[in-house]
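# Coordinate inspection notes
Each chain, written out:
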12 protein chains.
Amino acid sequence: MKNHVYKLIELTGTSSTSIEHAVETAIKRANQTIKHLGWFQVIETRGNITKGKIDHWQVTIKVGFTVEK
Amino acid sequence: MKNHVYKLIELTGTSSTSIEHAVETAIKRANQTIKHLGWFQVIETRGNITKGKIDHWQVTIKVGFTVEK
Amino acid sequence: MKNHVYKLIELTGTSSTSIEHAVETAIKRANQTIKHLGWFQVIETRGNITKGKIDHWQVTIKVGFTVEK
Amino acid sequence: MKNHVYKLIELTGTSSTSIEHAVETAIKRANQTIKHLGWFQVIETRGNITKGKIDHWQVTIKVGFTVEK
Amino acid sequence: MKNHVYKLIELTGTSSTSIEHAVETAIKRANQTIKHLGWFQVIETRGNITKGKIDHWQVTIKVGFTVEK
Amino acid sequence: MKNHVYKLIELTGTSSTSIEHAVETAIKRANQTIKHLGWFQVIETRGNITKGKIDHWQVTIKVGFTVEK
Amino acid sequence: MKNHVYKLIELTGTSSTSIEHAVETAIKRANQTIKHLGWFQVIETRGNITKGKIDHWQVTIKVGFTVEK
Amino acid sequence: MKNHVYKLIELTGTSSTSIEHAVETAIKRANQTIKHLGWFQVIETRGNITKGKIDHWQVTIKVGFTVEK
Amino acid sequence: MKNHVYKLIELTGTSSTSIEHAVETAIKRANQTIKHLGWFQVIETRGNITKGKIDHWQVTIKVGFTVEK
Amino acid sequence: MKNHVYKLIELTGTSSTSIEHAVETAIKRANQTIKHLGWFQVIETRGNITKGKIDHWQVTIKVGFTVEK
Amino acid sequence: MKNHVYKLIELTGTSSTSIEHAVETAIKRANQTIKHLGWFQVIETRGNITKGKIDHWQVTIKVGFTVEK
Amino acid sequence: MKNHVYKLIELTGTSSTSIEHAVETAIKRANQTIKHLGWFQVIETRGNITKGKIDHWQVTIKVGFTVEK
């Protein structure tokens with residue numbers, strides 16, 4: 001891990017079921033276009049309410065990945 | 001959504017099972033007396049421990065709703 | 001101002017024109033039902049984008065007012 | 001304490017003598033209209049100066065109480 | 001809005017006239033290359049002073065947009 | 001609860017399944033060596049990604065317990 | 001810009017019209033006694049309410065300037 | 001003070017009378033088992049309410065002390 | 001209060017007895033050289049421990065005062 | 001600098017020697033693909049420990065650069 | 001790394017030469033009594049001034065290590 | 001140290017070589033006009049990039065010093 005450089009991007013994943021699933025949704029999408037995803041950090045957990053019930057969770061994460069040389 | 005005004009209140013929901021359920025508990029209660037609930041944001045996640053096990057989760061949220069004109 | 005008590009509530013005002021106007025919208029509405037509004041503090045400034053343009057500003061403020069004895 | 005819901009409100013109590021007294025002033029007032037006050041948290045400690053001396057302390061607290069079902 | 005994923009990027013817009021115009025400048029530029037801009041949040045408001053006067057406002061925002069599947 | 005003293009320590013629990021399970025893992029371990037665990041607060045939620053999927057959740061909590069006299 | 005030193009001071013400017021004008025008021029006053037003002041950063045935006053209307057905006061800024069050798 | 005190392009621990013002291021007394025309670029207890037206590041910093045001030053009155057103050061502090069070589 | 005400008009400075013007052021007295025000490029000293037002190041805000045509460053007891057409280061405040069035209 | 005727009009990205013640079021070198025590593029890599037890098041801000045300083053010694057520093061920075069029109 | 005638990009402690013290392021050396025001093029000391037040190041995070045960088053010069057740097061870090069089962 | 005009062009000012013020191021040198025630059029300058037400098041705290045670490053390289057580090061510190069009676 002000598003002198004590696006990582007980039008962090010911010011994504012909001014959504015899910016109608018759970019916080020974990022919202023995070024997975026964001027990471028799954030990131031994995032389609034970014035190689036070497038390494039870690040994530042939850043930044044904010046919000047959600048939308050429709051007719052008095054949680055419609056979907058909105059979880060914002062920072063995702064870190066290795067920048068190729 | 002021209003010139004609407006929203007109010008935000010802070011609630012702590014509890015649950016013996018999960019963070020999501022604690023949030024649902026708070027929103028369900030808010031919905032009994034407040035119309036037009038729109039969104040929420042998780043502010044703090046705490047919990048109580050009894051005999052070395054989590055007894056219940058305490059999740060504090062801000063809930064936003066439309067103020068009628 | 002001996003032993004006065006104040007309450008702070010959180011409101012989000014909206015406006016299609018400016019931050020100042022969004023704050024005024026929230027205070028104007030608060031003034032319809034609350035006497036003795038005293039001060040406010042801007043908590044968050046957000047906005048909605050439609051077709052690449054700012055549709056409306058959403059400014060969240062805390063408003064403080066005297067609680068009558 | 002199964003599935004209880006609590007509400008948190010923000011109050012500023014004032015006192016010419018001490019921080020503790022300013023908090024007591026706010027809680028005493030809250031107790032006139034709210035049942036089941038449970039806990040508080042100090043958010044901010046400010047004060048007013050008149051002729052070079054502290055005129056009164058202004059302590060902002062969050063007060064939590066049980067929301068009846 | 002089932003399982004959508006959003007990306008947030010950070011931009012600093014500048015303007016010699018107002019905070020609102022600095023934000024518009026950043027969003028206008030983002031709209032040239034990004035589809036589906038949805039919302040923004042003001043992160044920081046700074047400015048440059050030349051000869052004792054504000055030369056330009058520098059407003060940093062986070063802009064959120066839908067990531068296509 | 002007169003003049004009790006509590007200590008708070010910081011632990012990171014991990015789990016391949018959920019945030020709640022990661023917290024339970026940390027508390028279960030703390031309970032092996034500490035009596036009178038009383039409460040916890042979630043400080044940070046992170047995770048590790050392997051081959052584009054969440055490998056394990058890393059949840060950092062503060063745990064409070066009574067210090068015996 | 002080799003080894004320059006800058007000082008930052010905190011000022012609150014007020015205005016009955018806008019946030020921008022409140023900042024200008026503070027900078028204009030600083031410029032009467034300080035040379036080489038370089039930049040500012042908005043720290044807090046508050047205001048006073050009289051009879052249900054914004055009486056004046058109170059914008060606190062940090063102002064940075066070059067310290068002469 | 002060349003190359004000294006200090007450790008910081010987090011304690012919550014309680015008192016039915018004042019914030020200062022709650023801090024003293026925590027430090028008095030720490031002093032029973034830790035030598036070379038050096039300084040403290042107040043992290044959070046909370047309290048418990050019983051029958052509409054403050055039952056006890058809960059003040060969380062970080063306490064720093066010299067780690068012997 | 002039209003277009004007034006205020007300056008805020010940061011002071012640490014000390015006291016062997018209480019937080020309130022430490023703040024008073026700082027304000028009393030500020031009043032010797034600054035006219036028109038208006039308000040203060042507590043920023044940080046720390047203290048020094050000698051032989052297992054609080055030797056003195058160190059309370060850092062921001063003090064605001066009117067800048068004359 | 002009229003109406004310029006800047007973008008900020010977040011990078012983590014690593015180094016086995018110093019904080020400064022970790023920042024340089026990140027900026028050097030950014031410079032390979034981004035023109036007009038203008039400034040950076042240190043967000044977080046962490047590190048990895050192997051066999052009781054610092055193996056490498058991990059410094060996260062925000063880097064700002066001009067977005068071409 | 002299945003279901004591991006980590007503990008984080010807070011240390012202040014000092015050095016008359018550099019921030020990096022102050023961190024090393026703290027980690028070196030921790031390594032004398034704690035096995036499996038894994039990572040650290042810089043929390044605060046302060047220093048002492050004697051006769052107008054930096055006498056020593058005081059760098060506070062959180063150090064994380066594996067808790068054995 | 002009975003009832004001493006300290007003042008804190010904010011300075012940005014710059015250096016083309018290191019964070020430590022930037023801090024020293026600020027303290028050296030402060031020492032030309034202020035007696036009894038006591039301590040400092042690093043508030044922010046930024047820097048300027050020219051032609052893809054760090055041109056100078058900009059480190060903002062708070063410096064505390066004794067206010068004479």
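Everything here concerns the structure above.
Now for a description of the structure that goes with this document. (Residues numbered from 1 in each chain as written. Chains lettered and ligands numbered in written order. Predicted model: local features only at pLDDT ≥ 70, side-chain atom pairs only at ≥ 80, totals over all residues. Heavy atoms only, no water.)

This part takes up the overall build of chain A. When helices and strands are counted, chain A shows 1 helix and 3 strands. Order of helices (α) and strands (β) in chain A, N terminus to C terminus: β-α-β-β. If one aligns the C-alpha atoms of chain A with their principal axes, the spans along those axes are about 50 × 20 × 15 Å. Split into buried and exposed, the 69 residues of chain A put 62% on the buried side. When contacts within chain A are restricted to residue pairs at least 6 apart in sequence, long-range pairs at least 24 apart make up 62% of them. Separation of charge centres in chain A, based on 10 positive and 6 negative side chains, amounts to 6 Å. (Helix = DSSP H or I, 4+ residues; strand = E, 2+ residues; numbered from the N terminus. Buried < 20%, exposed > 50% of the residue type's maximum accessible area, 1.4 Å probe, protein only. Contact = heavy atoms within 4.5 Å. Lys, Arg positive; Asp, Glu negative; His and termini not counted. Charge placed at Lys NZ, Arg CZ, Asp CG, Glu CD.)

Here E10(L) shows up in strand 1 (residues 5–15). You can call E10(L) buried: its relative accessible area is 9%. Beyond its immediate stretch of four places on either side in the chain, E10(L) contacts Y6(G), K7(G), L8(G), K62(G), I43(L), T60(L), I61(L) and K62(L).

All names here are of chain C. Residues other than glycine seldom take positive phi values, yet H36 does so here, at roughly 65°. Tracing the sequence through the fold places H36 in the loop between helix 1 (19–33) and strand 2 (37–50). Residue H36 is classed as partly exposed on the basis of its relative accessible area, which comes to 44%.

Three or more residues of helix 1 (residues 19–33) of chain J are buried, namely I19(J), E20(J), A22(J), V23(J), T25(J), A26(J), I27(J), R29(J) and A30(J). Between the side-chain oxygen at the start of helix 1 of chain J and the backbone nitrogen of H21(J) there is a gap of 3.0 Å, and the oxygen is on S18(J). (Polar contact = N/O pair within 3.5 Å; in protein donor to acceptor, adjacent residues only side chain to side chain.)

Let us look at the relation of the copies chain D and chain C. Aligned on chain C, chain D shows an RMSD of 0.0 Å; the corresponding rotation is 120° and the shift along the axis is 0.0 Å. Both chain copies can therefore be described as sitting about a three-fold axis. The C-alpha atom lying nearest the rotation axis in chain D is that of I9(D); the distance is 4.5 Å. (Least-squares fit on C-alpha atoms with pLDDT ≥ 70 in both.)

Moving on to the interface of chain D and chain C. Chain D puts 17 residues into the contact, and the matching count from chain C is 12 residues. Summed over the shared surface of chain D and chain C, the number is 1 salt bridge. Notably, a salt bridge pairs K62(C) with E10(D), separated by 2.8 Å at the nearest N-O pair. At the junction of chain D with chain C, the criterion picks out 6 residue pairs in polar contact (both at pLDDT 80 or more). (Salt bridge = Lys/Arg side-chain N within 4 Å of Asp/Glu carboxyl O.)

Further remarks concern the packing of aromatic side chains. Pairs of aromatic rings are described using the distance from one ring centre to the other and the angle between the two planes. Residues and elements named next belong to chain C. Evaluation of the coordinates by the stated rule reveals 24 aromatic pairs over all chains. For the ring pair Y6 and W39, a centre distance of 5.6 Å and an interplane angle of 70° mean the geometry is edge-to-face. Taken together, the residues span a long stretch of sequence, with Y6 in strand 1 (residues 5–15) and W39 in strand 2 at a distance of 33 residues. Note on accessibility: Y6 and W39 belong to one class, buried. (Phe/Tyr/Trp six-rings, centres within 6.5 Å; stacked < 30°, edge-to-face > 60°.)

What follows covers the arrangement of the chains. No part of chain C reaches chain H; the closest C-alpha pair between them is 16 Å apart. The two units chain B and chain K remain apart, with a minimum C-alpha distance of 16 Å.

A separate point is the relation of the copies chain B and chain F. Mapping chain B onto chain F leaves a residual RMSD of 0.0 Å; the transformation is a rotation of 120° accompanied by 0.0 Å of translation along its axis. Each copy contacts the other with its own distinct surface, as only 14% of the interface residues of chain B are interface residues in chain F too.

Taken together, the 14 residues of chain B in the interface contact 13 residues of chain F. Between chain B and chain F, the buried area comes to about 1,100 Å², and carbon and sulfur atoms account for 61% of it. Counting across the interface, chain B meets chain F through 5 residue pairs in polar contact (both at pLDDT 80 or more). Contributing elements (two or more residues each) for the side of chain B that touches chain F: helix 1 (19–33), strand 2 (37–50) and strand 3 (53–66) of chain B. With 6 residues, the top contributor of residues to the side of chain B that touches chain F is strand 2 of chain B. Classifying every residue of the side of chain B that touches chain F by side-chain character gives 4 nonpolar, 6 polar and 4 charged. Here strand 2 of chain B runs beside strand 2 (residues 37–50) of chain F; their pairing, made up of 3 bridges, is antiparallel. (Buried area = accessible area lost by both parts, 1.4 Å probe. Nonpolar A, V, L, I, M, F, W, Y, C, P; charged D, E, K, R; others polar. Pairing = 2+ DSSP bridges.)

Take the side chain of R29(J) next. Its place among the elements puts R29(J) in helix 1. The side chain of R29(J) is buried and forms no salt bridge, while E68(A), the nearest opposite charge, is found at 7.4 Å. Ignoring any residue separated from it by four or fewer positions in sequence, one finds R29(J) in contact with V5(A), V67(A), E68(A) and K69(A).

Residue and element names in this part refer to chain L. Most of strand 3 (residues 53–66) is tucked away, with 11 of its 14 residues classed as buried. Bridge analysis of strand 2 (residues 37–50) against strand 3 gives 12 bridges, and the strand direction is antiparallel. Residue pairing across strands places Q41 opposite K62, the latter belonging to strand 3.

It is worth spelling out the environment of V23(B) at this point. When you line up the elements, V23(B) lands in helix 1. Taking C-alpha positions, V23(B) is 7.8 Å from T12(B), a pair spaced 11 residues apart along the chain. With residues near it in sequence (within four places) discarded, V23(B) still touches I54(A), W57(A), F40(B), V42(B), V59(B) and I61(B).

Once that is clear, we can look at the pattern of salt bridges. One pass over the full model with this rule turns up 35 salt bridges over all chains. Between R46(G) and E44(G) there is a salt bridge, with its nearest N and O atoms 3.5 Å apart. We classify E44(G) as partly exposed; its relative accessible area is 21%. Across the salt bridge formed by E68(J) and K35(J), the nearest N and O atoms sit 3.9 Å from each other. With a gap of 33 residues between them, E68(J) in the segment after strand 3 (53–66) and K35(J) in the loop between helix 1 and strand 2 (37–50) connect regions that are remote in the sequence. Exposure remark for E68(J): the relative accessible area of 43% places this residue in the partly exposed category. Classification of K35(J) by relative accessible area gives exposed; the value is 57%.

Honestly, it's all geometry; don't read function into it.
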